Amino acid sequence: MFEPELFPSASALLPLPPGVTWLEGFALDWEDALIGALAQIIKAAPLRHMLTPGGQRMSVAMTNCGSLGWITDRHGYRYAALDPDSGRPWPALPEVIRELAAAASLAAGYPSFEPDACLINCYAPGARMSLHQDRDERDFSAPIVSVSLGLPATFLFGGLTRRERPQRLPLAHGDVVVWGGPARLAYHGVAPVADGRHPKLGRQRINLTLRRAGPLNLNGN
Ligand code: MD6
Ligand code: FE
């Protein structure tokens, strides 16, 4: 007979909005390879605190890999093929990240996701990301694959307007969230990360968001 789980997982208890798939611990099979690949990327394209168009320094430190990288500065939010700090292309998307993105998007029902951009967000304790929509991509038909590593965080998942009260998803090391379809333009953010120490990553949360961002406009950068 089917045995109901005594301790259902957090993802089984929360009704997720349509278009969102939460794969708990999905990235754990790739954990060490991912951490190794991240170290290489950060060496080639160091984490930095970018400025918002309004001139605020973001509390989250960022870098990118893949053919396009998400950047922000006084001129706005956009994707760029070159790292503005070095003038060089972003590091290539490592095979381990490509493989994880393919497996996660397939598991979530998007069998042909081909990411060209991977934003790497690094949160020290206290860092946060305010509610926003992801709308700098060329088209919104591709899903976004989001991988959480290191310290846990509360992901805030709102509606299609800023006014809806967000749902709170406790994301842990190794969790992957895939979102697309009706959720693609939902407002979302990350509550201030609580202090702690992760056995492999120390006092930080790292999030990878894999997207299909391009192609860029001919005159775009
Ligand atoms: C983060 N993530 O988890 C920030 N955006 O650190 C995002 O802003 C995000 O996780 C779009 C899709 C998935 C995400
Ligand atoms: Fe986002």
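These numbers come from a predicted model, not from an experiment.

1. A closer look at the packing of helix H2 (residues 31-44) against helix H3 (residues 95-107)
So, step 1. At a minimum axis distance of 9 Å, the contact between H2 and H3 shows a crossing angle of 130 degrees. It follows that H2 is oblique to H3 by the angle criterion. Viewed along their axes, H2 and H3 form a crossing whose handedness is left-handed. Residues Ala 33, Leu 34, Ala 37 and Ile 41 of H2 touch H3, and the partners they reach there are Val 96, Ile 97 and Leu 100.
So, step 2. Looking at the contact of H2 with H3 residue by residue, the classes come out as 7 nonpolar, no polar and no charged.

2. Focus: the packing of aromatic side chains
So, step 1. Enumeration over the complete set of coordinates arrives at 5 aromatic pairs.
So, step 2. Geometrically, the ring pair formed by Trp 70 and Tyr 77 is stacked, given 5.6 Å between the ring centres and 20 degrees between the ring planes.
So, step 3. The class of Tyr 77 is partly exposed, set by a relative accessible area of 46%.
So, step 4. For the ring pair Phe 155 and Trp 179, a centre distance of 6.1 Å and an interplane angle of 90 degrees mean the geometry is edge-to-face. Placement of the pair is Phe 155 in strand E8 (residues 153-157) and Trp 179 in strand E10 (residues 176-179), with a sequence separation of 24 residues.
So, step 5. Phe 155 sits in the buried class, given a relative accessible area of 10%.
So, step 6. We classify Trp 179 as buried; its relative accessible area is 5%.
So, step 7. These aromatic residues form a ring-pair network of at least three members: Phe 155, Phe 157 and Trp 179.
So, step 8. Positioned over the ring face of Tyr 123 is Arg 205, at 5.0 Å from the centre of the ring.

Conventions and cut-offs
- Residues numbered from 1 in each chain as written.
- Chains lettered and ligands numbered in written order.
- Predicted model: local features only at pLDDT ≥ 70, side-chain atom pairs only at ≥ 80, totals over all residues.
- Heavy atoms only, no water.
- Axes fitted to C-alpha atoms, helices over the stretch in contact; angles between N-to-C directions.
- Helix = DSSP H or I, 4+ residues; strand = E, 2+ residues; numbered from the N terminus.
- Parallel < 35°, antiparallel > 145°, perpendicular 65-115°, else oblique.
- Left-handed = near helix turned anticlockwise from the far one by under 90°.
- Contact = heavy atoms within 4.5 Å.
- Nonpolar A, V, L, I, M, F, W, Y, C, P; charged D, E, K, R; others polar.
- Phe/Tyr/Trp six-rings, centres within 6.5 Å; stacked < 30°, edge-to-face > 60°.
- Buried < 20%, exposed > 50% of the residue type's maximum accessible area, 1.4 Å probe, protein only.
- Lys NZ or Arg CZ within 6 Å of the ring centre and 35° of its normal.

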